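For reference, the chains in residue letters:
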Amino acid sequence: MPRDCIECFTWNIDPSARYLDAGLRIYVKMLDEATVRELLSPFELGLSSNQICILLAYLDLLMRWNKRINLTSIRTAEESVSRHFGESLLLARRVQLSGSLLDVGSGAGFPGLALRIVFPDIQTTLLEPVAKKRAFLKEVARTCGFGSVEVRPERLEDFVRLNPSPVIGTLTARAVGDHRSLVLEGAKVIRPGGLICLWVGHEQGRLLGGFTNQIHWEDPAKIPMGREREIWIGNYKPI
């Protein structure tokens, strides 16, 4: 990583943090900015050097923690860049997010927390029932300087029960199996005109329109190298 990239990253993070002295500089020797850009080239994201610096800090934590608590089945840094960060950030080519975002089943933070790299001002709520994964998400938010991040243990139905009125501008989910329940429950907390963004297989996406007529789905965004996976974006328009 170029020296100026380290400097721009350090500008965002507390320079007294132990992570900067050990983790970041060790990891820099393994993957540099040019390599990240090459890995992300199929997604045509156009990230700045500062955004790539933040991505690398996130990636370093992911590689370290994944050895202990099995955050993801992907074990290499290169595949994590394309499969996790590339697929998550691809959404930025289709929509401009603002306001509040609710990420369901966050796991290692994809897509909800990763989207903070390109949308630094959105208020983010991450739903993750596993305590060790919540600890990881909080550490990423702290290290990467992501403010306005709330990590909660509830499942979606519990969050809906605690928030009976629409409070969310965008809902995202990438690794949730019951899409029908996700759409129907999610619609209860999304504000009119808000978005629901799902990373699903092509056949799964074709079924989304049959769950409710209150969400109008756009043509899906195909994920490069995504093995028939797509991002489906629905606009919530209550009847």
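The preceding data block contains the structure.
The structure displayed is predicted, hence computed values, not measured ones.

Undergrad: Which parts of the structure should I look at to understand the overall build of the protein?
TA: Broken down by element type, the protein carries nine helices and eight strands. In the protein, buried positions account for 54% of the 239 residues. For the protein, the proportion of contacts with a sequence separation of at least 24, taken over those separated by at least 6, is 69%.

Undergrad: Looking at this model, I keep getting lost on the pattern of salt bridges. Mind explaining?
TA: It is possible for side chains of opposite charge to pair when their charged atoms get near one another. Here the structure, examined in full by the defined rule, presents 14 salt bridges. Notably, a salt bridge pairs Glu-150 with Arg-152, separated by 3.6 Å at the nearest N-O pair. For Glu-150, a relative accessible area of 40% translates into the label partly exposed. By relative accessible area, Arg-152 is classed as buried at 16%. One salt bridge in this structure joins Glu-203 and Arg-206, with 3.5 Å as the shortest N-O distance. In this pair, Glu-203 and Arg-206 both sit in helix α9 (residues 202–207), three residues apart, roughly one turn of the helix. The exposure class assigned to Arg-206 is exposed, which follows from its relative accessible area of 55%.

Undergrad: How do you make sense of the packing of aromatic side chains when you look at a structure like this?
TA: In this description, a pair of aromatic rings is defined by centroid distance and the angle of the planes. Evaluation of the coordinates by the stated rule reveals six aromatic pairs. Where Phe-85 meets Phe-110, the ring centres are 5.0 Å apart and the plane angle is 85°; that geometry is what we call edge-to-face. Residue Phe-85 is located in helix α5 (residues 77–89), and its partner Phe-110 is located in the loop between β1 (100–104) and β2 (123–127); the two are separated by 25 residues in the primary sequence. A single burial state applies to Phe-85 and to Phe-110, both of which are buried. Where Trp-217 meets Trp-232, the ring centres are 6.5 Å apart and the plane angle is 70°; that geometry is what we call edge-to-face. With Trp-217 in strand β6 (residues 215–217) and Trp-232 in strand β8 (residues 229–236), the pair connects residues that are 15 residues apart, well separated along the chain. Its relative accessible area of 17% is what places Trp-217 among the buried residues. The exposure class assigned to Trp-232 is buried, which follows from its relative accessible area of 10%. The structure contains a cluster of three or more aromatic residues connected by ring pairs, namely Tyr-58, Trp-65, Phe-85, Phe-110 and Phe-136.

Undergrad: Please clarify how the packing of helix α4 (residues 49–69) against α5 should be interpreted in this entry.
TA: In helix packing, the relevant descriptors are the interaxial angle and the interaxial distance, both defined with respect to the helix axes. Remark: α4 packs on α5, axes separated minimally by 11 Å, with the N-to-C direction vectors making an angle of 125°. Relative to α5, the element α4 is oriented oblique. In the crossing of α4 with α5, the sense of the turn from one axis to the other is right-handed. Together, Leu-55, Tyr-58, Leu-59, Leu-62 and Met-63 of α4 and Ala-77, Ser-80, Val-81, His-84, Phe-85 and Leu-89 of α5 make up the contact between the two elements.

Undergrad: Is there a simple way to think about the layout of surface pockets in this case?
TA: Gaps between atoms show up when a probe of the same size as a water molecule is rolled over them. Each pocket or cavity is described by its volume, and for the largest pocket that value is around 630 Å³. Contributing to the lining of the largest pocket are 29 residues, with Val-104, Gly-105, Ser-106, Ala-175 and Val-176 lying nearest its centre. At the level of secondary structure, the elements contributing two or more residues to the lining of the largest pocket comprise α5, α7 (156–162) and α8 (179–186). For the lining of the largest pocket, the residue count by class is eleven nonpolar, seven polar and eleven charged.

Undergrad: Where do I start with the nonpolar core in this structure?
TA: One recurring pattern in soluble globular proteins: nonpolar side chains tend to sit buried together. Counting residues in each nonpolar core, the largest one holds 52 residues, and the members touching the most others are Leu-55, Tyr-58, Leu-59, Leu-91, Leu-97, Phe-136 and Phe-146. Only α3 (33–40), α4, α5, α6 (131–144), β5 (190–201) and β8 provide two or more residues apiece to this core. Top element by residues in this core is α4. It accounts for twelve residues. Residues in contact with Leu-55, not counting those within four places in the same chain, are Val-36, Leu-40, Leu-47, Val-81, Phe-85, Leu-89 and Ile-117. In terms of nonpolar packing, the next biggest core, distinct from the first, is built from 22 residues, Ala-173, Leu-182, Val-189 and Trp-232 among them.

Calculation rules
Residues numbered from 1 in each chain as written. Predicted model: local features only at pLDDT ≥ 70, side-chain atom pairs only at ≥ 80, totals over all residues. Heavy atoms only, no water. Helix = DSSP H or I, 4+ residues; strand = E, 2+ residues; numbered from the N terminus. Buried < 20%, exposed > 50% of the residue type's maximum accessible area, 1.4 Å probe, protein only. Contact = heavy atoms within 4.5 Å. Salt bridge = Lys/Arg side-chain N within 4 Å of Asp/Glu carboxyl O. Phe/Tyr/Trp six-rings, centres within 6.5 Å; stacked < 30°, edge-to-face > 60°. Axes fitted to C-alpha atoms, helices over the stretch in contact; angles between N-to-C directions. Parallel < 35°, antiparallel > 145°, perpendicular 65-115°, else oblique. Left-handed = near helix turned anticlockwise from the far one by under 90°. 1 Å grid on protein atoms, 1.4 Å probe; cavity = no way out; pocket = protein on both sides within 12 Å on 5 of 7 lines; lining within 4 Å. Points joined across faces, edges and corners; volume = space filled by probe spheres on them. Nonpolar A, V, L, I, M, F, W, Y, C, P; charged D, E, K, R; others polar. Core = buried A, V, L, I, M, F, W, Y, C linked by side-chain atoms within 4.5 Å.

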